[in-house]
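Structure at a glance
These are the residues of each chain, in order.
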Amino acid sequence: MSSAISNTYSRLPVAFTHGKGVWLWDAEGRRYLDGLAGIGVSCLGHGHPKLVAAISEQAARVIHTSNIYEVPQQEALAERICAISGMTEILFGNSGAEANEAAIKLARYYGHKKGNEMPHIITMESSWHGRTLGTLAATDSEKARKGFGPLPEGFIKVAYNNLQAIKDAGDKESRVVAVLLEVLQGEGGIRPSDIAYLKALRALCDERGWLLMIDEVQSGIGRTGKWLAHQWADILPDVVVFAKGLGGGVPIGAIGARGPAANVLGPGSHGTTFGGGPLVCAAGLAVFRAMEEEKLLENAATVGAHLKSSLEKELKGTPGVVEVRGQGLMLGIELEKPCGELVMQALDAGLLINVTRDRVVRLLPPLILSKEEADQIVSILVPLIKAFNAK
Ligand SMILES: *Cc1c(COP(=O)(O)O)cnc(C)c1O
């Protein structure tokens, strides 16, 4: 289709007119099971009455005022985020990249305040933190970085889930101020890190005076069955990065800070025109309300475990299937061959999925997914994967 839109996405040939629960409809009235939730965003599914009401009511009152004034919805949402994360202060933005950018700026400011003029941040292989220049420099994707140099300096990339690699990097570079990582990598192929590694990393950061900054943009807000994926390791980071599911579909991002990371950024040091506005914060508050009232953490944990074990059972012994990975409703199926064509085949069969890192089928369905709907995902996806691998 010729279009006035910048050609930065090769889009699938479908547009959705409306949705309800985990289902989306196109203009021809075809129904699709949403196994991706707009890349982990629509955690309450589509047309959730509590979210729709909150957004409509807030839109009718006031949509935008700016951070020049007090924003009570922002205060209330910040309190909710602190309560679930153990952070003590929240800074809002509009996206995952923008939030990660704020975390990077916070770490650098922290370094400068201690007299470190060239603060370095350790990041991980196969990480994803966004597409701004700073977050691209922190991200490990040659494809995403190609053609955009020069990128900001001050990032050291190390092997993921490998404590020694972090120690070695810190021994070599004395100006390290922070470690930034996803504890369950999303774009990187649904790659989990070990609980022992995360506990040891927390201790290492304490020992060396580094900030531990965890990017929960994809894995947070209940996706893995706890509010935040790092809570499975029972650790408390210094900075947590939020976005995607936080607004249930409206654009919002945030960082939380505590301990040594709290009170680092002061008045005038960072800002945003749109960030934390009344409309998106009202949406965020509705997400928290629905998550609690409808016990969606428990749902993500139990339905996610059911979905994972069903996929494992049905795909067991299938040639070409490497592994089913992930936790809660953040799951990946790694195949031996690049499998991008499965996305279109699934779409034709009425299921929305995604493939990341060429060979990993990714599922991020809404957290309201029922067991029956999980079974429907399995019954559509498994035959497609078997037929693909049999070719
Ligand atoms: C999606 C994602 C981002 C970037 O978020 P945007 O809203 O696309 O800028 C950052 N970190 C992680 C872990 C993500 O999954």
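On a predicted model such as this, the values are computed, not experimentally measured, just so you know. Here the residue numbers are simple positions, counted from 1 along each chain's written sequence. Residue-level local features of this predicted model are given only where pLDDT is at least 70; pairs of side-chain atoms are given and counted only at 80 or more, and the full residue set underlies all totals for whole chains, interfaces and linings. The basis for every side-chain value is the complete set of heavy atoms in the structure, and neither hydrogens nor water enter the calculation.

**Re helix H7 (residues 163–172)**
Regarding H7, the residues found buried are Leu 163, Ala 165, Ile 166, Ala 169 and Gly 170. An end-on view of H7 places all buried positions within 165 degrees of arc, on one side of the element. Exposed and facing more than 90 degrees away from the buried side of H7 are Asp 171 and Lys 172. In the core, the buried residues of H7 are packed alongside strand E5 (120–124), strand E6 (155–158), strand E7 (176–181) and helix H8 (195–208). Here a polar contact means two N or O atoms within 3.5 Å. Within protein one must be a hydrogen donor candidate and the other an acceptor candidate, and residues neighboring in sequence count only if both atoms are side-chain atoms. Counting from the N terminus, the helices are the DSSP runs of H or I reaching at least four residues and the strands are the DSSP runs of E reaching at least two. Among the residues of H7, the N-terminal cap falls to Asn 162, whose side-chain oxygen and the backbone nitrogen of Gln 164 are separated by 3.1 Å. Burial classes follow relative accessibility: with a 1.4 Å probe on protein chains only, a residue under 20% of its type's maximum area counts as buried, one over 50% as exposed, and anything between as partly exposed. Within this analysis, the arc is defined by the directions that extend from the helix axis to the C-beta atoms. Only heavy atoms matter for contacts: two residues are in contact if any of them lie within 4.5 Å across the pair.

**Quick notes on the domain arrangement of the protein**
Residue ranges assigned to each domain were obtained from an automatic or database domain assignment. Annotation of the protein at the domain level lists domain 1 (16–34 + 295–389) and domain 2 (50–293). Computed from C-alpha atoms alone, the centre-to-centre distance between domain 1 and domain 2 is 27 Å. Facing 21 residues of domain 1, the contacting portion of domain 2 comprises 27 residues. Here domain 1 meets domain 2 over a buried area of about 1,800 Å², counting both sides, of which 58% is carbon and sulfur. Considering only the surface of domain 1 that becomes buried against domain 2, Leu 297, Met 330 and Arg 357 emerge as the three largest contributors, covering 38% of it. For this analysis, a salt bridge means a side-chain nitrogen from Lys or Arg found within 4 Å of a carboxyl oxygen belonging to Asp or Glu. For the pair domain 1 and domain 2, the interface holds 1 salt bridge. Among the salt bridges present, the one from Arg 362 reaches Glu 187, with a minimum N-O distance of 2.7 Å. Those elements that place two or more of their residues in the side of domain 1 that touches domain 2 are helix H10 (296–315), strand E13 (321–327), strand E14 (330–335) and strand E17 (360–363). Take the side of domain 1 that touches domain 2: its biggest share by element is 4 residues, from H10. Classification convention: Asp, Glu, Lys, Arg as charged; Ala, Val, Leu, Ile, Met, Phe, Trp, Tyr, Cys, Pro as nonpolar; all other residues, Gly among them, as polar. Classifying every residue of the side of domain 1 that touches domain 2 gives 12 nonpolar, 5 polar and 4 charged. Summed over both partners, the accessible surface that disappears when two parts come together, traced with a 1.4 Å probe, is what is meant by buried area.

**Looking at the packing of aromatic side chains**
Pairs were defined over the aromatic rings of Phe, Tyr and Trp, the Trp ring being its six-membered one, requiring ring centres within 6.5 Å. Orientation was assigned from the angle between planes: stacked under 30 degrees, edge-to-face over 60, tilted for the rest. Applying the stated criterion across every chain, the model contains 2 aromatic pairs. Where Phe 16 meets Tyr 32, the ring centres are 5.4 Å apart and the plane angle is 75 degrees; that geometry is what we call edge-to-face. Of this pair, Phe 16 sits in strand E1 (residues 16–20) while Tyr 32 sits in strand E3 (residues 31–34), and the two are 16 residues apart along the sequence. Classification of Phe 16 as partly exposed rests on a relative accessible area of 33%. Classification of Tyr 32 by relative accessible area gives buried; the value is 4%. Here the guanidinium or amino end of Lys 337 rests over the ring plane of Phe 388, the centre of that ring lying 4.6 Å away. Think of it as a cone above the ring: NZ of Lys or CZ of Arg counts as a charge over the ring if it is within 6 Å of the ring centre and within 35 degrees of the ring normal.

**Here we look at the environment of Gly 271**
Note that Gly 271 resides in the loop between strand E12 (253–257) and helix H9 (278–293). In this structure the C-alpha to C-alpha distance between Gly 271 and Gly 93, which are 178 residues apart in sequence, comes to 8.4 Å.

**Remarks on the sheet that holds strand E2 (residues 23–26)**
Any two strands with at least two DSSP-identified bridges between them are counted as paired. Here 4 strands make up an open sheet; going across it, the order is E1-E2-E3-E15 and the pairing mixed. Every interior strand has two partners, whereas the edge strands, E1 and strand E15 (351–352), have only one.

**Overview of the pattern of salt bridges**
A pair can form between side chains of opposite charge whenever their charged atoms are brought close. Counting across every chain of the model gives 13 salt bridges. In this structure, Glu 293 engages Lys 50 in a salt bridge whose closest nitrogen and oxygen atoms are separated by 2.9 Å. Linking Glu 293 in helix H9 with Lys 50 in helix H2 (residues 49–61), this pair joins segments that are 243 residues apart in sequence. Note on Lys 50: relative accessible area 26%, which makes it partly exposed. Salt-bridge contacts for Lys 391 lead to Glu 341; the nearest nitrogen and oxygen are separated by 2.5 Å. On the criterion of sequence distance, the pair formed by Lys 391 in the segment after helix H12 (371–390) and Glu 341 in helix H11 (residues 341–348) is long-range, its members being 50 residues apart. Under the relative-accessibility criterion, Lys 391 is labelled exposed at 64%. Connected via shared salt-bridge partners are Arg 202, Asp 206, Asp 238 and Arg 258.

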